[in-house]
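# Survey of secondary and tertiary structure
Chain by chain, the residues:
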Amino acid sequence: METTEKDILRGGQFLVKETKCEDVFTPEDFSEEQKMMKDAVMEFNEREIIAHKPRFEAKDYALTEEVMRKAGELGFLGVAVPEAYSGLGMGFVSTCLTCDYISSGTGSFSTAFGAHTGIGTMPITLYGTEEQKQKYVPKLATGEWFGAYCLTEPGAGSDANSGKTTAELSADGKSYKINGQKMWISNAGFCSLMIVFARIEDDKNITGFIVEYDKDNPNGITLGEEEHKLGIRASSTRQVFFNDTVVPVENMLAGRGEGFKIAMNALNVGRIKLAAACLDSQRRILTTAVQYANERKQFKTPISEFGAIKVKLAEMAASAYAGESATYRAAKNIEDRIAIREASGNTHQEAELKGVEEYAIECSILKVAVSEDVQNCADEGIQIFGGMGFSEETPMEAAWRDARIARIYEGTNEINRMLSVGMLVKKAMKGHVDLLGPAQAVQEELMGIPSFDTPDYSELFSEEKEMIKKLKKTFLMVAGGAVQKYGPQLEDHQQLLIAAADILIEIYMAESAILRTEKNAKRFGEEAQSAQIAMAKLYLYHAVDIVEEKGKESIISFAEGDEQRMMLMGLKRFTKYANYPDIVDLRKEVAEKVKAENKYCF
Ligand SMILES: Cc1cc2nc3c(=O)[nH]c(=O)nc-3n(C[C@H](O)[C@H](O)[C@H](O)COP(=O)(O)OP(=O)(O)OC[C@H]3O[C@@H](n4cnc5c(N)ncnc54)[C@H](O)[C@@H]3O)c2cc1C
């Protein structure tokens, strides 16, 4: 059945509209084609990446380039690229799936892959003219050329639009001369094409250019030395200097001053793909950790028998499971939105651009949540390995170091937290998401008398879904209260924005895990989904705690007197279970399952 406009939520609407479990896409819904893709990518990862792990850790940059070339030969670099430009033209879910399963071997390769297929290629597929796409995209999709993305400068990181690199039009009007310095450029050491952002005259916004790079004919481009980094050691990261680099006018991307918009939209796509790229790393970390825990004996007992270790195994599994649930839910929303737009007459290019832009809030949420989960997972992985976890001889320390970068690039997690709430408030102002109505309803509820009925929560997840509704009310109460108090100046109250973002993130992640499990329990049976049910409940339990903490800290900062008392009472009501889950039991169930299967098995 075709998905129609009214079936899928707009970006951000998850907060105010209920989603039926049948309407979420889950990893269990992969098509045969997607499963084949997954198998092919996993096999490639084992053969070409994992088998050579020590070489990546020893900064073998040439190996990264060689494996990228092989990925190109197999079509993996062109999954998202339309067939007309030598790509595979697969949908957004397949794009995320490829990123997911190709990324767990080493962060070095996944960074090279992500930078090339995402920010190195997408600006052209999303904003390029037909000529630009014909000329460059086939080369990028097949791996004949590699792409890099030059936005960051020494003085312009998070404030990306403040770059000092200039582009000056020649007297004959045929070319621009680019001058400036870029920093932290992934793939710089082996790329043939750079997406470069520069300012023309005193323009408010930067402009994007496609710049070819040939080492033998460098056109004023020089590279700094490879940066020595904490992790992703075989990913090429260099400074790039432009000295009177001549770029033909036809290589401008979109229009003059459109660069900031291009940069931001390319990052939106990059963010969900980055989340996907952290998923298989989490699965692999857990699998490696449980295998070790089952083998390693202390006090004559495998350490996996100890409750202290079971807690870790269960929490690691639950966070990976929630990450998968939310990433594929959003990926399919994007895919459907693109299809709907194409069906209504948009070109694929316009449809893709608008489709991803629509879910920019979800992309930021995912980037933050999953990048932090993979880091925590790797940290606990080290702990399970004990002293050996601290050694370069086990995979945990590299996993931990590699995970660290995901919280920094593609917009730091601080910036993405603030963006997620900022974009939501903007959508509400534009009337795309009605926050005001639901926020007023919550205020009225706060002033009314609470019901003392004891609802029937015997049906699977009935209480959990009620909890999710209450967490959404908490967000509306807290964010609504803060908007009322500070109006547009809320921007200056970053601590509040960050707290609101944390609430938003927890709601999306927990709801996604519950909906996926509910859908699967209905079709595969509750017994078969017993450990998944436990993980969804476990994740929600923590989400409720975080919402309570962040809600309280916000309310006591912006509200006073009666208003504060009323909101705190509301918070208590909205974060209270009628029947608390026995989380010790939930963790035991998840850990026992993982232990018995000796791997992440969901
Ligand atoms: C390994 C690696 C690869 C990279 N690859 C690329 C690439 O290929 N292309 C590219 O263009 N860039 C790349 N980057 C750059 C990366 O995107 C930036 O490092 C990142 O955007 C942060 O910018 P910054 O380092 O200047 O930090 P800053 O912007 O100086 O931030 C420092 C701290 O201040 C916080 N902060 C900054 N502004 C605010 C604010 N307004 N409110 C609250 N907190 C704030 C940040 O969250 C952060 O915690 C890469 C970086 C690394 C380390």
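An unreviewed UniProt entry annotates the protein chain as Acyl-CoA dehydrogenase family protein of Psychroserpens algicola.

### Comments concerning the overall build of the protein chain
Per the secondary structure count, the protein chain includes 19 helices and 10 strands. For the protein chain, whose C-alpha radius of gyration is 24 Å, the value lies close to the compact-globule estimate of 25 Å for 602 residues. Judged by the C-alpha coordinates and their principal axes, the protein chain covers about 80 × 60 × 45 Å. Out of the 602 residues in the protein chain, the part that is buried amounts to 57%. Carbon and sulfur atoms form 51% of the exposed surface of the protein chain, whose accessible area is close to 25,400 Å².

### Observations regarding the site of the ligand
Taken together, 18 residues are adjacent to the ligand, and Thr152, Ser158, Trp184, Thr412 and Glu414 come closest. With the chains in place, 67% of the 970 Å² that the ligand exposes on its own is no longer accessible. Of all the secondary structure elements, the ones that give two or more residues to the shell around the ligand are strand E3 (175–186) and helix H13 (413–429). In terms of residue class, the shell around the ligand is built from 10 nonpolar, 6 polar and 2 charged.

### Some words on the UniProt feature "domain: Acyl-CoA dehydrogenase/oxidase N-terminal" (unreviewed entry) in the protein chain
In the UniProt entry, the feature "domain: Acyl-CoA dehydrogenase/oxidase N-terminal" (unreviewed entry) is given for residues 31–144. As a span, residues 31–144 carries 69% helix and 0% strand, and end to end its C-alpha atoms are 30 Å apart.

### Side note on helix H3 (residues 61–73)
The terminal C-alpha atoms of H3, which comprises 13 residues, lie 19 Å apart, in line with the 18 Å expected from a rise of 1.5 Å per residue. Among the residues making up H3, those that are buried are Leu63, Thr64, Val67, Met68, Ala71 and Gly72. Tucked inside the fold, the buried residues of H3 contact helix H1 (32–49), helix H2 (53–57), helix H5 (107–119) and helix H7 (130–142). Positioned one or two residues after H3, Gly75 has a phi angle of 90°, which is positive.

### Quick look at the packing of aromatic side chains
Centre-to-centre distance and the angle between the planes together describe a pair of aromatic rings. Applying the stated rule across the entire model yields 16 aromatic pairs. Arranged with centres 5.3 Å apart and planes meeting at 75°, the rings of Phe146 and Phe190 form a pair that is edge-to-face. Of the two residues, Phe146 sits in the loop between H7 and strand E1 (147–150) while Phe190 sits in the loop between E3 and strand E4 (193–200), which places them 44 residues apart along the sequence. The two residues Phe146 and Phe190 agree in class, both being buried. Relative to Tyr580, the ring of Tyr577 has its centre 5.1 Å away and its plane inclined at 50°; by these criteria the two rings are tilted.

### Thoughts on the UniProt feature "domain: Acyl-CoA dehydrogenase-like C-terminal" (unreviewed entry) in the protein chain
Mapped onto this numbering, the UniProt entry annotates "domain: Acyl-CoA dehydrogenase-like C-terminal" (unreviewed entry) at residues 470–573. For the annotated span residues 470–573, helix accounts for 87% and strand for 0% of the residues, and the straight-line distance between the end C-alpha atoms is 8 Å.

### With respect to the environment of Arg516
Along the chain, the position of Arg516 falls in helix H16 (residues 494–524). Residue Arg516 is classed as buried on the basis of its relative accessible area, which comes to 2%. Considering only alpha carbons, one finds Arg516 and Gly78, 438 residues apart in sequence, at a separation of 29 Å. Residues in contact with Arg516, not counting those within four places in the same chain, are Val24, Thr26, Pro27, Glu28, Tyr321, Glu324, Ser325 and Phe602. Within the structure, Arg516 has its side chain in polar contact with the side chain of Glu324 (distance 2.8 Å).

### So, a negative patch on the surface
A surface patch of negative charge is lined by Asp545, Glu548, Glu549 and Glu553. Tracing the sequence through the fold places Asp545 in helix H17 (residues 530–558).

### Overview of the side chain of Gln282
For Gln282, the position within the fold is in helix H8 (residues 259–295). Apart from residues no more than four positions distant in its own chain, Gln282 is found in contact with Met316, Ser319, Ala320, Val370, Asp373, Val374 and Cys377.

### Points about H8
Taking 1.5 Å per residue as the helical rise, H8 with its 37 residues ought to reach 54 Å, and the 54 Å between its terminal C-alpha atoms agrees with that figure. Extensive coverage of H8 is indicated by the burial of 29 of its 37 residues.

### Comments concerning the pattern of salt bridges
Counted according to the given criterion, the structure contains 46 salt bridges. For Glu130, the salt bridge is made with Lys133, and the minimal N-O distance between the two is 3.9 Å. Separated by 3 residues within a single helix, Glu130 and Lys133 lie in helix H7, roughly one turn from each other. Residue Glu130 is classed as partly exposed on the basis of its relative accessible area, which comes to 38%.

### Considering the packing of helix H15 (residues 462–486) against H16
Interhelical geometry of H15 versus H16 gives an angle of 160° and a closest axis separation of 10 Å. As far as their axial angle goes, H16 and H15 are roughly antiparallel. Note on packing geometry: the crossing formed by H15 with H16 is left-handed. On H16, the residues that touch Glu464, Lys465, Ile468, Leu471, Lys472, Phe475, Val478, Ala482 and Tyr486 of H15 are Leu496, Ala500, Ile503, Leu504, Ile507, Ala510, Glu511, Ile514 and Glu518. Classifying every residue of the contact of H15 with H16 gives 13 nonpolar, no polar and 5 charged.

### Quick look at the side chain of Thr19
Relative to the assigned elements, Thr19 resides in the segment before H1. Within the local environment of Thr19, its side chain forms a polar contact with the side chain of Arg329, the two groups lying 3.4 Å apart. If near-sequence neighbours (up to four positions away) are discounted, Thr19 is found in contact with Leu9, Val24, Arg329, Glu511 and Leu515.

### Thoughts on the pairing of strand E7 (residues 237–248)
By the bridge criterion, 9 bridges tie E3 to E7 in an arrangement that is antiparallel. Its bridge partner being in E7, Tyr176 is matched across the sheet by Val247. Relative to E7, strand E6 (residues 221–223) runs antiparallel, the two sharing 3 bridges. Bridging across to E7, Leu223 finds its partner in Val240.

### Concerning the state of the cysteines
Under the criterion given, the structure shown has 0 disulfides. Cys191 provides the cysteine sulfur closest to Cys150, a residue in no disulfide bond, and the two sulfurs are 6.8 Å apart. With no disulfide of its own, Cys601 lies 14 Å from the sulfur of Cys377, the closest cysteine sulfur.

### Some details on the packing of H15 against H17
The contact between H15 and H17 brings their axes to 10 Å, and the two run at 20°. The orientation of H15 with respect to H17, classified from their angle, is roughly parallel. Along this stretch, H15 crosses H17, giving a crossing that reads as left-handed. Of H17, the residues touching H15 (which contributes Glu464, Met467, Ile468, Leu471, Thr474, Met477, Val478, Gly481, Ala482, Lys485 and Tyr486) are Lys537, Leu540, Val544, Val547, Gly551, Ser554, Ile555, Ser557 and Phe558. The class makeup of the residues in the contact of H15 with H17 is 12 nonpolar, 5 polar and 3 charged.

What counts as what
- Residues numbered from 1 in each chain as written.
- Predicted model: local features only at pLDDT ≥ 70, side-chain atom pairs only at ≥ 80, totals over all residues.
- Heavy atoms only, no water.
- Helix = DSSP H or I, 4+ residues; strand = E, 2+ residues; numbered from the N terminus.
- Rg over C-alpha atoms; globule rule 2.2 N^0.38 Å.
- Buried < 20%, exposed > 50% of the residue type's maximum accessible area, 1.4 Å probe, protein only.
- Areas by Shrake-Rupley, 256 points an atom, 1.4 Å probe, with all protein chains shown as cover.
- Near = heavy atom within 4 Å.
- Nonpolar A, V, L, I, M, F, W, Y, C, P; charged D, E, K, R; others polar.
- UniProt positions renumbered as here; feature names shortened; annotations may be inferred.
- Expected span 1.5 Å × (residues − 1).
- Contact = heavy atoms within 4.5 Å.
- Phe/Tyr/Trp six-rings, centres within 6.5 Å; stacked < 30°, edge-to-face > 60°.
- Polar contact = N/O pair within 3.5 Å; in protein donor to acceptor, adjacent residues only side chain to side chain.
- Patch = residues over 30% accessible without salt bridge, like charges linked within 9 Å, V, L, I, M, F, W, Y side chains within 5 Å.
- Salt bridge = Lys/Arg side-chain N within 4 Å of Asp/Glu carboxyl O.
- Lys, Arg positive; Asp, Glu negative; His and termini not counted.
- Charge placed at Lys NZ, Arg CZ, Asp CG, Glu CD.
- Axes fitted to C-alpha atoms, helices over the stretch in contact; angles between N-to-C directions.
- Parallel < 35°, antiparallel > 145°, perpendicular 65-115°, else oblique.
- Left-handed = near helix turned anticlockwise from the far one by under 90°.
- Pairing = 2+ DSSP bridges.
- Disulfide = S-S within 2.5 Å.

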